[in-house]
Protein chains: 2
Amino acid sequence: MKPDALRGHLDALLLATLDGRELHGYAIIEALQQGSGGALDLPTGTVYPALRRLERAGHVVSDWSTVGGRKRRTYQLTQAGQRALRAERSAWREFTTVIDGVLGGDGKWAQT
Amino acid sequence: MKPDALRGHLDALLLATLDGRELHGYAIIEALQQGSGGALDLPTGTVYPALRRLERAGHVVSDWSTVGGRKRRTYQLTQAGQRALRAERSAWREFTTVIDGVLGGDGKWAQT
DNA sequence: AGCTACACATAGCGTCCCTACCCATGAGCG
DNA sequence: CGCTCATGGGTAGGGACGCTATGTGTAGCT
């Protein structure tokens with residue numbers, strides 16, 4: 001899968017990963033790896049800036065904690081973040097519906 | 001739908017629109033509008049450069065024709081373009097499967 | 001002492017779509 | 001005739017955003 005395909009959908013992935021639990025950045029990356037069956041292997045340079053964007057946008061808040069001498073920044077969704085997640089999910093559904101339709105939802109090419 | 005969501009999937013849309021027929025740029029835009037139920041309204045500044053990219057990549061070829069005194073550039077898929085289209089469709093399926101899995105398309109999250 | 005895993009972070013780059021324009025022709029209208 | 005609109009193609013410049021590469025520091029193992 002070409003990595004650029006994620007453009008515009010990364011926020012949704014991060015919000016969904018944080019839905020119902022709090023995780024630190026590193027754990028988010030691992031959760032996405034597992035949740036995607038290994039298909040998503042996001043580099044830290046992608047995830048950390050994205051989390052800061054989400055924090056700036058008010059969709060997540062972070063808390064520092066120290067575990068085993070290592071500092072972790074743990075993120076959790078805000079109310080606005082949950083709203084954003086719902087919006088992202090709905091936008092995703094609409095998006096896939098539209099693209100599926102154009103790519104041939106009507107069976108015009110279905111069996112080649 | 002936020003327009004940026006298309007990023008990385010525009011080529012697939014254009015190739016799919018040209019699948020089995022030849023169209024000129026303007027007609028492609030209209031075909032996408034109709035094929036998407038009005039959801040996709042791509043500006044010419046998006047479509048024309050994209051078509052030139054596809055031509056440079058060898059996925060489409062263009063022919064000039066004159067209809068009613070107006071010059072049209074008509075595009076059609078090449079063999080490589082059809083191959084690319086198949087690849088795009090398969091990449092799209094994989095992509096949606098992965099994202100759906102994370103976003104919880106299967107009801108895993110459905111009722112929180 | 002050196003290496004690996006954990007954990008966070010920034011800088012710079014390239015891609016790619018968008019906004020905003022520009023050009024040309026033909027038809028309809030005043 | 002001159003204006004505007006629809007049709008049709010095109011470029012320029014910018015901004016958003018994910019990626020690559022790199023840097024920092026701790027802990028634990030050998």
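Residues numbered from 1 in each chain as written. Chains lettered and ligands numbered in written order. Predicted model: local features only at pLDDT ≥ 70, side-chain atom pairs only at ≥ 80, totals over all residues. Heavy atoms only, no water.

1. Brief notes about the packing of helix H2 (residues 25-35) of chain B against helix H3 (residues 44-56) of chain B
Residues and elements named next belong to chain B.
Right, on to step 1. Put simply, H2 and H3 touch, their axes get as near as 10 Å, and they point 120° apart. Compared by their axis directions, H2 and H3 come out oblique. The chirality of how H2 crosses H3 is right-handed. Within the contact between the two elements, H2 uses Gly25, Tyr26, Ile28 and Ile29 and H3 uses Thr44, Val47, Tyr48 and Leu51.
Right, on to step 2. Looking at the contact of H2 with H3 residue by residue, the class counts come to 6 nonpolar, 2 polar and no charged. (Axes fitted to C-alpha atoms, helices over the stretch in contact; angles between N-to-C directions. Helix = DSSP H or I, 4+ residues; strand = E, 2+ residues; numbered from the N terminus. Parallel < 35°, antiparallel > 145°, perpendicular 65-115°, else oblique. Left-handed = near helix turned anticlockwise from the far one by under 90°. Contact = heavy atoms within 4.5 Å. Nonpolar A, V, L, I, M, F, W, Y, C, P; charged D, E, K, R; others polar.)

2. Side note on the sheet that holds strand S3 (residues 70-77) of chain A
Residues and elements named next belong to chain A.
Right, on to step 1. Taking strand neighbours across the sheet as the criterion, the 3 strands line up as S1-S3-S2 in an open arrangement whose pairing is antiparallel. Each edge of the open sheet carries a strand with a single partner, namely strand S1 (23-24) and strand S2 (60-67).
Right, on to step 2. Helix H3 (residues 44-56) rests against S2 and S3 of the sheet, and its axis sits at about 125° to S2. (Pairing = 2+ DSSP bridges.)

3. Regarding the pattern of salt bridges
All names here are of chain A.
Right, on to step 1. Evaluated as defined, the whole model comprises 2 salt bridges over all chains.
Right, on to step 2. Between Asp19 and Arg89 there is a salt bridge, and its shortest N-O distance comes to 3.1 Å. In this pair, Asp19 is assigned in the loop between helix H1 (10-17) and S1 and Arg89 in helix H4 (residues 79-104), connecting sequence segments 70 residues apart.
Right, on to step 3. Classification of Arg89 as buried rests on a relative accessible area of 17%. (Salt bridge = Lys/Arg side-chain N within 4 Å of Asp/Glu carboxyl O. Buried < 20%, exposed > 50% of the residue type's maximum accessible area, 1.4 Å probe, protein only.)

4. A few points about the interface of chain A and chain B
Right, on to step 1. Across the contact, 31 residues belong to chain A and 31 residues belong to chain B.
Right, on to step 2. Contact with chain B buries surface across chain A, with Trp92, Val102 and Leu103 of chain A losing the most and accounting together for 22% of the total.
Right, on to step 3. Across the chain A-chain B interface, the total number found is 0 salt bridges.
Right, on to step 4. Taken together, chain A and chain B are joined by 5 residue pairs in polar contact (both at pLDDT 80 or more).
Right, on to step 5. Contributing elements (two or more residues each) for the side of chain A that touches chain B: H1, helix H2 (25-35) and H4 of chain A.
Right, on to step 6. Here the side of chain A that touches chain B takes 12 residues from H4 of chain A, the largest share from any one element.
Right, on to step 7. Here the residues of the side of chain A that touches chain B are counted per class, giving 16 nonpolar, 7 polar and 8 charged. (Buried area = accessible area lost by both parts, 1.4 Å probe. Polar contact = N/O pair within 3.5 Å; in protein donor to acceptor, adjacent residues only side chain to side chain.)

5. A short note on H1 of chain A
Right, on to step 1. For H1 of chain A, the buried fraction is high: 7 of the 8 residues fall into the buried class.
Right, on to step 2. Listed in full, the buried residues belonging to H1 of chain A are Leu10, Ala12, Leu13, Leu14, Leu15, Ala16 and Thr17 of chain A.

6. Digging into the packing of H1 of chain A against H4 of chain A
Residue and element names in this part refer to chain A.
Right, on to step 1. Where H1 contacts H4, the two axes come as close as 9 Å, and the packing angle between them is 125°. As far as their axial angle goes, H4 and H1 are oblique. In the packing of H1 onto H4, the handedness of the crossing is left-handed. Along its contact with H1, which presents Asp11, Ala12, Leu15 and Ala16, the element H4 presents Gly81, Ala84, Leu85, Glu88 and Arg89.
Right, on to step 2. For the contact of H1 with H4, the per-class residue count stands at 5 nonpolar, 1 polar and 3 charged.

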